[in-house]
Amino acid sequence: MKYKIMQYEIVPVIDVRGLNLNSTDKLVMGLIVSLTRKTDKCTVSNEFFAEQLELKRRTISKSIAKLKEKNLISVRMNDYKREIYCNVVLNDSATGIEQ
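Quick caveat, the model's predicted, so the values are computed rather than measured. (Residues numbered from 1 in each chain as written. Predicted model: local features only at pLDDT ≥ 70, side-chain atom pairs only at ≥ 80, totals over all residues. Heavy atoms only, no water.)

**Structural notes on the overall build of the chain**
Of the regular secondary structure elements, the chain holds three helices and two strands. Secondary structure elements of the chain, listed N to C terminal, follow the sequence α-α-α-β-β. Split into buried and exposed, the 99 residues of the chain put 27% on the buried side. By element, 48% of the accessible surface of the chain is carried by carbon and sulfur atoms, the whole surface being about 7900 Å². (Helix = DSSP H or I, 4+ residues; strand = E, 2+ residues; numbered from the N terminus. Buried < 20%, exposed > 50% of the residue type's maximum accessible area, 1.4 Å probe, protein only. Areas by Shrake-Rupley, 256 points an atom, 1.4 Å probe, with all protein chains shown as cover.)

Given below as structure tokens:
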């Protein structure tokens, strides 16, 4: 019997209540947070996000624009390459949502 090796992302819990984000925006934000944990920036393309989430590139563009508008991320260009920075501070020892 063959088993398929699964890839997964651990999406941290970020309090985005009241920001009017849809589920796609939240997934994109989760991927950005995961990808920026080691290097503080994310340089992957919209095509990468689209493939990972099985969405259209246009949908990814809209989500990234919305996250930028809500100041959850910053986007900079460096030598014609896009860099996405997460503006959300995460605590490495966080275990869940405070009540």
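Alright, that's what it looks like, and here's the rest.
**Regarding the environment of S23**
Within the element layout of this structure, S23 appears in helix 1 (residues 23-36). On the basis of relative accessibility, which here comes to 53%, the residue S23 falls in the exposed class. Between the C-alpha atom of S23 and that of S63, which follows or precedes it by 40 residues, the distance is 9.9 Å.

**Thoughts on the packing of helix 2 (residues 46-53) against helix 3 (residues 57-69)**
The relative placement of two packed helices comes down to the angle between their axes together with the axis-to-axis distance. As a packed pair, helix 2 and helix 3 sit with axes 8 Å apart at the nearest point and diverge in direction by 110°. Accordingly, the angle class assigned to the pair helix 2 and helix 3 is roughly perpendicular. Residues N46, E47, F49, A50 and L53 of helix 2 pack against R57, I60, S61 and I64 of helix 3. A breakdown of the residues in the contact of helix 2 with helix 3 according to their chemical character gives five nonpolar, two polar and two charged. (Axes fitted to C-alpha atoms, helices over the stretch in contact; angles between N-to-C directions. Parallel < 35°, antiparallel > 145°, perpendicular 65-115°, else oblique. Contact = heavy atoms within 4.5 Å. Nonpolar A, V, L, I, M, F, W, Y, C, P; charged D, E, K, R; others polar.)

**Topic: the packing of helix 1 against helix 2**
The interhelical angle for the contact between helix 1 and helix 2, taken along N-to-C directions, is 115°, at an axis separation of 11 Å. Helix-helix and strand crossings are classified by hand; for helix 1 and helix 2 the assignment is right-handed. Contact residues: L27, V28, L31, I32 and L35 in helix 1; F48, F49, Q52 and L53 in helix 2. Residue composition of the contact of helix 1 with helix 2, by class: eight nonpolar, one polar and no charged. (Left-handed = near helix turned anticlockwise from the far one by under 90°.)

**Observations regarding the environment of Q52**
Mapped onto the elements of the fold, Q52 is located in helix 2. For the pair Q52 and L31, spaced 21 residues apart in sequence, the C-alpha to C-alpha distance is 9.2 Å.

**Some words on the side chain of N46**
Note on placement: N46 falls in helix 2. By relative accessible area, which is 15% here, N46 ends up buried. Those residues within four positions of N46 in sequence are excluded, and the remaining contacts are R57, I60, S61, I64 and R82.

**Some words on the pattern of salt bridges**
Summed over all chains, the structure comprises three salt bridges. Between K66 and D25 there is a salt bridge whose closest N-O contact spans 3.1 Å. Placement of K66 in helix 3 and of D25 in helix 1 is noted, with a sequence separation of 41 residues between them. For D25, a relative accessible area of 2% translates into the label buried. When the shortest N-O distance is used, the salt bridge between E47 and R57 registers 3.7 Å. You can see E47 sitting in helix 2 and its partner R57 sitting in helix 3, a full 10 residues away along the chain. (Salt bridge = Lys/Arg side-chain N within 4 Å of Asp/Glu carboxyl O.)

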